[in-house]
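# Working through the structure, step by step
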Amino acid sequence: MSDLRPYDALLLDIEGTTTSIAFVYDVLFPYARAHVSSFLEGNWGSLLAERKLFDDAGLAAETPSQLAATVLSQMDADLKTTALKSLQGRIWAAGYADGTLLADVFDDVPGALRRWCDEGKVVCIYSSGSVAAQRLLFGHTHHGSLMPLLSGFFDTTTGPKREAESYRDIAAAMGFAPGQILFATDVVPEADAAVAAGMQAVIMDRPGNRPQPAHEHAVRDSFEGI
C-alpha cells in the first residue's frame, strides 16, 4: 500500500501478529503451567547441566518443586527471560507431539507466506518465545506445517525486542540491509526499535490485541495488501 515502501524481506512477530494473543495466554501458557512440575521431575538430571542459565534468569532452585514454583511466579509476572522461554518450549514440545496442541494462526497467514515466497521475498520470525518453540508452533498449525515457507527464526538470544541493535544484528544475519526489511508487530516500542535500526515497520491490529499508544507507523488488520 502507499504508506509502505518496497521491501525484499519480512520479519514477523508471533503473538498478536501471526497468532492470536488468546492462543498464547489461553492455550499455551495454561498447558505449560499444568505440566511444568511433571516435566521438571522427569528431566531434573539433564536440566542440572543448565544450572547457570537458570541461575542467571532468577530461576535458581535446589529441587524440581522449588524451580516449578519460581517458574510459575515468573509466568504470573509475564517475564520473558531466555531460560523461562526455553523451558516453556520444551514443555510444549510434548503437547505438539501428541496432538494436544495445534497452533491457531490467523487465516490470512498461510496465504500471505506463500505469496511472499512466490514473490521471492525472505520471511523470518522474531519472537520472545524460544526458536525451538517457534519451530514447533509453525510446524503444527491448523493449516498444516508452515515451516517450508519460513527462512529463519530469532529469539531473545539475539537481543531484546525493544532495542535497535537487535534488529541490526538480525538484518545482518538475514543478509539484508535494514532498509530492505519490513517488520510486523503488534507492539509500538518494538516497531520503534526496528525503525531506529533502519527497518520499516507495520503495526498489526488483530482481534484481541491490546491498545497501543499513539504512533506514526502504518497499521494493518491482516497481511492482505502487505
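Scroll up a little and you will see the structure.
To keep things clear, this report deals only with the structure shown in the data block. (Residues numbered from 1 in each chain as written. Predicted model: local features only at pLDDT ≥ 70, side-chain atom pairs only at ≥ 80, totals over all residues. Heavy atoms only, no water.)

### What to know about the overall build of the protein
Let me state the cut-off plainly: Counting from the N terminus, the helices are DSSP H or I runs at least four residues long and the strands are E runs at least two residues long. Radius of gyration: C-alpha atoms only; globule rule: 2.2 Å multiplied by the number of residues to the exponent 0.38. Each residue is placed in one exposure class: buried if its accessible area under a 1.4 Å probe, protein chains only, is under 20% of its type's maximum, exposed if it is over 50%, and partly exposed if it falls in between. In this analysis, two residues are considered to be in contact whenever any of their non-hydrogen atoms come within 4.5 Å of each other. Only the protein chains shown count as covering a residue, and every accessible area follows the Shrake-Rupley method with a 1.4 Å probe. For the charge count, each Lys or Arg is scored as positive and each Asp or Glu as negative, with His and the chain ends excluded. Charge positions are represented by NZ for Lys, CZ for Arg, CG for Asp and CD for Glu.
For the protein, the count of helices and strands is eight helices and six strands. Shown N-terminal to C-terminal, the secondary structure of the protein runs as helices and strands in the order β-α-α-α-α-α-β-α-β-α-β-α-β-β. Computed over C-alpha atoms, the radius of gyration of the protein comes to 18 Å, within 12% of the 17 Å expected from 2.2 N^0.38 for 226 residues, which places it in the range of a compact globule. The buried share of the protein, taken over its 226 residues, is 51%. Partitioning the intrachain contacts of the protein with sequence separation of at least 6 by distance along the chain shows that 68% fall at a separation of at least 24. Of the accessible surface of the protein, which amounts to about 9,900 Å², a share of 53% is contributed by carbon and sulfur atoms. Of the charged side chains in the protein, 17 are positive and 29 negative, and the gap between their average positions amounts to 2 Å.

### A short note on the sheet that holds strand E6 (residues 218-220)
Filter applied, for reference: A pair of strands is considered paired only if DSSP assigns at least 2 bridges between the two. Only the stretch in contact is used when a helix axis is fitted, and all axes are lines through C-alpha atoms; the angle between N-to-C directions ranges over 0 to 180 degrees.
Strand order across the open sheet formed by six strands is E3-E2-E1-E4-E5-E6, with parallel pairing between neighbours. On the outer flanks of this sheet lie strand E3 (152-154) and E6, each paired with one strand and no other. If you compare each strand with its neighbour and ignore which way they point, the axes differ by 25° on average. Two strands pair when backbone bridges link them, and strand E1 (residues 9-12) and strand E2 (residues 122-126) are joined in this way by four bridges, in the parallel orientation.

### Points about the environment of Arg90
Among the structural elements, Arg90 can be located in helix H4 (residues 82-97). A relative accessible area of 30% places Arg90 in the partly exposed class. With 21 residues separating them along the chain, Arg90 and Gly111 place their C-alpha atoms 29 Å apart.

### Description of the state of the cysteines
The test is simple: The term disulfide is used for any two cysteine sulfur atoms that are within 2.5 Å.
Taken as a whole and judged by the stated rule, the model has zero disulfides. Here Cys117 stays free of any disulfide, with the sulfur of Cys124 as its closest cysteine sulfur at 10 Å.

### Description of the side chain of Ser222
Convention followed: Residues adjacent in sequence count toward polar contacts only when both atoms are side-chain atoms; beyond that, a polar contact is any pair of N or O atoms within 3.5 Å, and within protein one must be able to donate a hydrogen and the other to accept it.
Here Ser222 is to be found in the segment after E6. A polar contact of 3.1 Å, which involves the side chain of Ser222, links it to the backbone nitrogen of Glu224. Once residues within four sequence positions are removed from consideration, Ser222 is found in contact with Asp108, Met204 and Arg206.

### Notes on the layout of surface pockets
How we decide: Points on a 1 Å grid, built from protein atoms alone, make a cavity when a 1.4 Å probe fits but cannot get out and make a pocket when they are open with protein on both sides within 12 Å along at least 5 of 7 lines; residues with an atom within 4 Å of a point are the lining residues. Grid points are joined across faces, edges and corners, and a volume is the space filled by probe spheres set on the points. Under the convention adopted here, Pro, Cys and the residues Ala, Val, Leu, Ile, Met, Phe, Trp and Tyr are nonpolar, Asp, Glu, Lys and Arg are charged, and Gly plus all remaining residues are polar.
Roughly 570 Å³ of volume is contained in the largest pocket. What lines the largest pocket is a set of 27 residues, among which Asp13, Glu15, Lys80, Ser128 and Lys161 lie closest to the centre. Top contributing element to the lining of the largest pocket by residue count: helix H1 (residues 21-47), with four residues. Class assignment for the residues of the lining of the largest pocket results in eleven nonpolar, six polar and ten charged.

### Things to note about the nonpolar core
Soluble globular proteins: nonpolar side chains tend toward being buried together. Using the following cut-off: For our purposes a nonpolar core is just a set of buried Ala, Val, Leu, Ile, Met, Phe, Trp, Tyr and Cys residues, chained together by side-chain atoms within 4.5 Å.
Grouped together as the largest cluster of nonpolar side chains are 53 residues, with contacts concentrated most on Trp116 and Ile226. Per element, the largest residue contribution to this core is eleven residues, and it comes from H1. Among all residues touching Ile226, those that are not within four sequence positions of it are Leu4, Tyr7, Leu10, Arg115, Trp116, Leu182, Val202, Met204 and Arg220. Leu11, Tyr126, Ile170 and Met199 belong to the second-largest nonpolar core, a separate cluster that totals 17 residues.

### Observations regarding the packing of aromatic side chains
Rule in force here: Classification of ring pairs rests on two measures: the distance between centres of Phe, Tyr or Trp rings, Trp counted by its six-membered ring, which must be within 6.5 Å, and the angle between planes, read as stacked under 30 degrees, edge-to-face over 60 and tilted in between. Working rule: Lys NZ or Arg CZ, within 6 Å of ring centre, within 35 degrees of ring normal, means a charge sits over the ring.
All told, the structure shown has five aromatic pairs when counted by the stated rule. Taking the centre distance of 5.3 Å and the plane angle of 80° together, the rings of Tyr126 and Tyr167 count as edge-to-face. Of this pair, Tyr126 sits in strand E2 while Tyr167 sits in helix H7 (residues 164-174), and the two are 41 residues apart along the sequence. Across this residue pair, the class does not change: Tyr126 and Tyr167 are buried. Ring pairing ties together the aromatic residues Tyr25, Phe29 and Trp92, which thus form one cluster. Lying over the aromatic face of Tyr7, Lys121 brings its terminal NZ or CZ to 5.1 Å of the ring centre.

Bear in mind that shape data such as this cannot, by itself, settle questions of function.
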